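Summary of the model geometry
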Amino acid sequence: MQKVLIDCDPGHDDAIAILYAATHLDLVGISTVYGNQTVEKTTANALSLATLFGLDVPVAQGCAAPLAGRLRHGGDIHGKTGIDGAELPAPDRGTTGMHAVDFIIEMASKHRGELVLCPTGPMTNVGMALRKEPRLAEWLKGISLMGGTTQIGNTTPVAEFNIWCDPEAADLLFRSGVPLWMAGLNVTRQAGIGPADIDRLAGSGPVGDTFAGLFAFFLDSLRQVHGLATASLHDPCALLPFIRPDLVTYREVPVEIALAQGPTRGMTVCDFRTLTPKALENIQGMARPNCRVAVGIDGPAVVAHIVSAITGWSGRKLPQPGPA
Ligand code: RIB
Ligand code: CA
């Protein structure tokens, strides 16, 4: 079973990614980063989610701010807690005490050649780990990220939030030589949970009830801010290459991160051109392909598979309520 470590900023869709990974893969660790809220809040959310799901998985807290540039949070979408819409249980465990950057390095060293990192928030932890331990790029089997876009952005006309928060960190990933998979907004927005899915989750058990509340809030936020009709399952799409590769189509192309200050900062520049040698006489050639970019998805099938993972979650029993 594929070993994965999710580096996340829970976050409504991060929460689904954790459950989806725990259902179908060998989730060996969770690391947290700022993004949808402060790193203190995303860490508290990760611990509460691991408690709710009954997961025996270590959680390591990570970076509170980007490598460069100003700190911004996604509270406008995910709310004051970073995961508004349902009451999560108080955590029944603490973090590992190790910084996420060191935790990522340690887990990659322990599972050499077997571990896939799945960043679903700003990529500051992973970028710092690659810079701190140059051998990390050889130890990792791959990095499958939610981020970027081949079409329109969300945070700016051309940039997606996870990349936009820390383009310098993302640049370290895309230049690392590690095998990359990228699930961008161009596909993740096709996998959206709607009111009928939320109704299916409600009443399906404690985890389903929690997600019904979370996604009702998330859907309302996305409707109000982006005018969307469904709540995009962005983050679990990063796991699809290892769970349901039949539902996504990829093209391996050169991807470069735009770093310059200005309207394109944080853009994932994907080069889909098909050039002939003759073309190279007059135009800029292509760089070496460095990423499998998702270009097609069976959105409804992805949503159905993820909803089934939630309604079918049979994890360990929930923490018993304390004495009355
Ligand atoms: O742009 C979507 C991404 O930003 C998702 O990871 C969501 O959780 C937020 O972090
Ligand atoms: Ca996220």
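Residues numbered from 1 in each chain as written. Chains lettered and ligands numbered in written order. Predicted model: local features only at pLDDT ≥ 70, side-chain atom pairs only at ≥ 80, totals over all residues. Heavy atoms only, no water.

Here we look at helix α4 (residues 100-110)
Where we set the bar: Exposed residues in this analysis have more than 50% of their type's maximum accessible area, buried residues have under 20%, and partly exposed residues fall in between, with area computed by a 1.4 Å probe over protein chains only. Strands are runs of DSSP state E lasting at least 2 residues, helices are runs of H or I lasting at least 4, and numbering of each runs from the N terminus. Any pair of residues with heavy atoms lying within 4.5 Å of one another is described as a contacting pair.
Residues of α4 that are buried include every one of Ala100, Val101, Phe103, Ile104, Ile105, Met107 and Ala108, and no others. Turning to α4, the residues buried within the fold contact β1 (3-8), β2 (26-32), β3 (59-61), β4 (115-119), α5 (124-132) and α6 (136-139).

Quick notes on the packing of aromatic side chains
Stated precisely, the cut-off is as follows: Working definition: rings of Phe, Tyr and Trp (its six-membered ring) pair if their centres are within 6.5 Å, and the pair is stacked with planes under 30 degrees apart, edge-to-face with planes over 60 apart, and tilted otherwise.
Within the structure shown, the criterion is met by six aromatic pairs. Here phenylalanine 161 and tryptophan 164 contribute two aromatic rings whose centre-to-centre distance is 6.4 Å and whose plane-to-plane angle is 35°, an arrangement assigned as tilted. Placement of the pair is phenylalanine 161 and tryptophan 164 together in helix α7 (residues 161-165), with a separation of three residues, close to one helical turn. Across the pair, exposure class does not vary: phenylalanine 161 and tryptophan 164 are buried alike.

Looking at the environment of aspartate 84
The criterion, for reference: Think of a polar contact as two N or O atoms within 3.5 Å of one another; within protein, one of them needs to be a possible hydrogen donor and the other a possible acceptor, and neighboring residues in sequence only count if both atoms come from side chains.
Inspection of the secondary structure assignment puts aspartate 84 in the loop between α3 (75-78) and α4. For aspartate 84, a relative accessible area of 15% translates into the label buried. Setting aside its immediate chain neighbours within four residues, aspartate 84 contacts His12, His78, Gly79, Leu214 and Phe217. A polar atom in the side chain of aspartate 84 sits 3.1 Å from the backbone nitrogen of lysine 80. Among the polar contacts made by the side chain of aspartate 84, one reaches the side chain of threonine 81 at a distance of 2.5 Å.

As for the coordination of the calcium ion (ligand 2)
This is how the line gets drawn: Here a donor is any nitrogen, oxygen or sulfur atom (N, O, S) within 2.8 Å of the metal, with 3.2 Å used for Na, K and Ca; water is not among the atoms considered, so some sites may look incomplete.
Around the calcium ion (ligand 2), the protein contributes the donor atoms Asp9 (OD), Asp14 (OD), Asp14 (OD), Thr120 (O) and Asp235 (OD), which lie 2.2 to 2.6 Å from the metal centre. Mapping the donors of the calcium ion (ligand 2) onto the primary sequence gives the spacing D-x4-D-x105-T-x114-D. With aspartate 9 in the loop between β1 and α1 (12-24) and aspartate 235 in the loop between β8 (231-232) and α12 (240-243), the pair connects residues that are 226 residues apart, well separated along the chain. The two residues aspartate 9 and aspartate 235 agree in class, both being buried.

Points about the environment of threonine 268
Considering the arrangement of structural elements, one finds threonine 268 in strand β11 (residues 268-270). In the structure, threonine 268 is positioned 13 residues away from glutamate 281 in sequence and 26 Å away in space, judged by C-alpha atoms. The contact partners of threonine 268, leaving out residues within four places of it in the chain, are Gly148, Thr149, Ile163, Met182, Val255, Glu256 and Ile257. A polar contact of 2.8 Å, which involves the side chain of threonine 268, links it to the backbone oxygen of threonine 149.

Overview of the sheet that holds strand β6 (residues 180-183)
Selection rule: Here the rule is simple: two strands pair whenever DSSP picks up at least two bridges between them. For helices, the axis comes from a line fit to the C-alpha atoms of the stretch in contact; other axes are also lines fit to C-alpha atoms, and the angle between any two N-to-C directions lies between 0 and 180 degrees.
Taken in spatial order, the eight strands of this open sheet run β3-β2-β1-β4-β5-β6-β12-β9, and their pairing is mixed. Each edge of the sheet is formed by a strand with only one pairing partner; in this case those strands are β3 and β9 (248-253). Going from strand to strand, the sheet's axes swing by 25° on average, the running direction of each strand aside. One ladder, built from six bridges, connects β9 with strand β12 (residues 291-297); its direction is antiparallel. By the bridge assignment, valine 253 is partnered in β12 with cysteine 291.

Digging into helix α11 (residues 206-226)
Inclusion rule: Expected helix span is computed as 1.5 Å times (number of residues minus one).
In a regular helix each residue adds 1.5 Å, so 21 residues correspond to 30 Å; α11 covers 30 Å between its end C-alpha atoms and thus fits that length. Looking at α11, one finds that the buried residues are Val207, Gly208, Thr210, Phe211, Ala212, Leu214, Phe215, Phe218, Leu219, Ser221 and Leu222. In the stretch just after α11, glycine 227 is the one whose phi turns positive, near 65°.

Some thoughts on the pairing of strand β5 (residues 142-146)
Burial runs high along β5: five of the five residues are buried. Both β4 and β5 contribute to a ladder of two bridges, which runs parallel. Bridge pairing links leucine 117 to isoleucine 143 in β5.

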